[in-house]
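The lines below spell out each chain.
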Amino acid sequence: MPDFTPQQVKAGQDLYTKSFLSIYDWFALGLNCRYVWKCPSYHMLELYNQYVSSNHLDIGVGTGYFLDRCTFPSASPRIALMDLNPNSLEAAGKRLQRYHPETHHHNVLEPFRITDQCFDSVGIMNLLHCLPGTMKSKGVTFENIKAVLNKGGIVFGSTILYQGIKRSSMATYILNRNNRMGIMTNKEDYVEDLERNLARYFSESSVHVVGCMALFRAIS
């Protein structure tokens, strides 16, 4: 049985209103990543530039910031966007309209409904800390990703940790507040559990901690 409720799933994505998304790049990816989480967003962009393919699924799309800025191996990549929040799908879809992206309104904790063509890369940036449950139970996300990832394909992403990291008093305050509000559920998120999840589902993986964030990649 899952250790979360539908209400908890919903709470993790309720923050992403159209008004919040209008300041998301500046506030979340700019101010917070650099000064609160001590992991400037260029670290995440580097993951895209290193691992994104021309057959890519992005999960937890935000505003499409990284896909808008990264360099694809080809001029006309296949891009699929997956998110539970329709506002994020709309914002990212409009931003990336030059690529004619597919959109999938879906909860990543449930098996994916993509059955036609798998992907060579999957990005899951800054989503795991918004999902309910423990890092161990969030492993179902990687199980679902593996089912739509081609052999030799790569998944990469980032998440904010709570346990086992050094953080400022401001970061601690924001983490505790966000956990009380249900915006984040990461008080039981250890880097070791993330490493175990990746090792369970993928043949090769690595995790690198920068500030409060874990940057990871794994090969199917």
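The paragraphs below set out a description of the structure included in this document. It should be emphasised that the depicted structure is a prediction, and the values quoted were computed from it without experimental measurement.

1. Structural notes on the packing of helix α6 (residues 139–146) against helix α8 (residues 191–201)
So, point 1. Axis separation between α6 and α8 bottoms out at 9 Å; the angle between their running directions is 30°. Judged by the angle between their axes, α6 and α8 are roughly parallel. In the crossing of α6 with α8, the sense of the turn from one axis to the other is right-handed. Along its contact with α6, which presents Gly 139, Phe 142, Glu 143 and Lys 146, the element α8 presents Leu 194, Asn 197, Leu 198 and Tyr 201.
So, point 2. Among the residues making up the contact of α6 with α8, the classes are represented as 4 nonpolar, 2 polar and 2 charged.

2. Describing a nonpolar patch on the surface
So, point 1. Residues Ile 23, Trp 26, Leu 31 and Tyr 35 make up a contiguous nonpolar surface patch of about 450 Å² in total accessible area.
So, point 2. Tracing the backbone shows Leu 31 in helix α2 (residues 18–36).
So, point 3. Taking relative accessible area as the criterion, Leu 31 reaches 33% and is therefore assigned partly exposed.

3. Side note on unusual backbone geometry
Glycine aside, negative phi is the norm for most residues, and most peptide bonds take the trans geometry.
So, point 1. In the Ramachandran plot, Lys 38 falls in the positive-phi region, its phi being about 60° despite a non-glycine side chain.
So, point 2. Phi at Asn 126 is positive, roughly 60°, even though this residue is not glycine.

4. Section: the packing of aromatic side chains
So, point 1. Following the criterion strictly, the structure yields 12 aromatic pairs and no others.
So, point 2. Their ring planes at 35° and their centres at 6.1 Å tell us that Tyr 51 and Phe 156 sit as a pair that is tilted. Taken together, the residues Tyr 51 in helix α3 (residues 42–51) and Phe 156 in strand β5 (residues 149–160) connect sequence positions 105 residues apart. The pair Tyr 51 / Phe 156 is uniform in exposure class, with both members buried.
So, point 3. Centre to centre, the rings of Tyr 65 and Phe 66 are 5.0 Å apart; their planes meet at 85°, and the pair counts as edge-to-face.
So, point 4. Here the aromatic cluster, defined as three or more aromatic residues joined through ring pairs, consists of Tyr 16, Phe 20, Tyr 24, Trp 26 and Phe 27.
So, point 5. The aromatic ring of Tyr 162 is capped on one face by Arg 167, whose charged end is 4.2 Å from the ring centroid.

5. A closer look at helix α5 (residues 86–95)
So, point 1. Looking only at α5, the buried set comprises Ser 88, Leu 89, Ala 92 and Gly 93. Projected onto a plane normal to the axis of α5, the buried residues spread over an arc of 125° and lie on a single side.
So, point 2. Buried-residue contacts for α5 involve α2, β2 (78–83) and β3 (102–105).
So, point 3. N-capping of α5 is provided by Asn 85, with a side-chain oxygen placed 2.7 Å from the backbone N of Asn 87.

Cut-off values and rules
- Residues numbered from 1 in each chain as written.
- Predicted model: local features only at pLDDT ≥ 70, side-chain atom pairs only at ≥ 80, totals over all residues.
- Heavy atoms only, no water.
- Axes fitted to C-alpha atoms, helices over the stretch in contact; angles between N-to-C directions.
- Helix = DSSP H or I, 4+ residues; strand = E, 2+ residues; numbered from the N terminus.
- Parallel < 35°, antiparallel > 145°, perpendicular 65-115°, else oblique.
- Left-handed = near helix turned anticlockwise from the far one by under 90°.
- Contact = heavy atoms within 4.5 Å.
- Nonpolar A, V, L, I, M, F, W, Y, C, P; charged D, E, K, R; others polar.
- Patch = residues over 30% accessible without salt bridge, like charges linked within 9 Å, V, L, I, M, F, W, Y side chains within 5 Å.
- Areas by Shrake-Rupley, 256 points an atom, 1.4 Å probe, with all protein chains shown as cover.
- Salt bridge = Lys/Arg side-chain N within 4 Å of Asp/Glu carboxyl O.
- Buried < 20%, exposed > 50% of the residue type's maximum accessible area, 1.4 Å probe, protein only.
- Phe/Tyr/Trp six-rings, centres within 6.5 Å; stacked < 30°, edge-to-face > 60°.
- Lys NZ or Arg CZ within 6 Å of the ring centre and 35° of its normal.
- Arc of directions from axis to C-beta.
- Polar contact = N/O pair within 3.5 Å; in protein donor to acceptor, adjacent residues only side chain to side chain.

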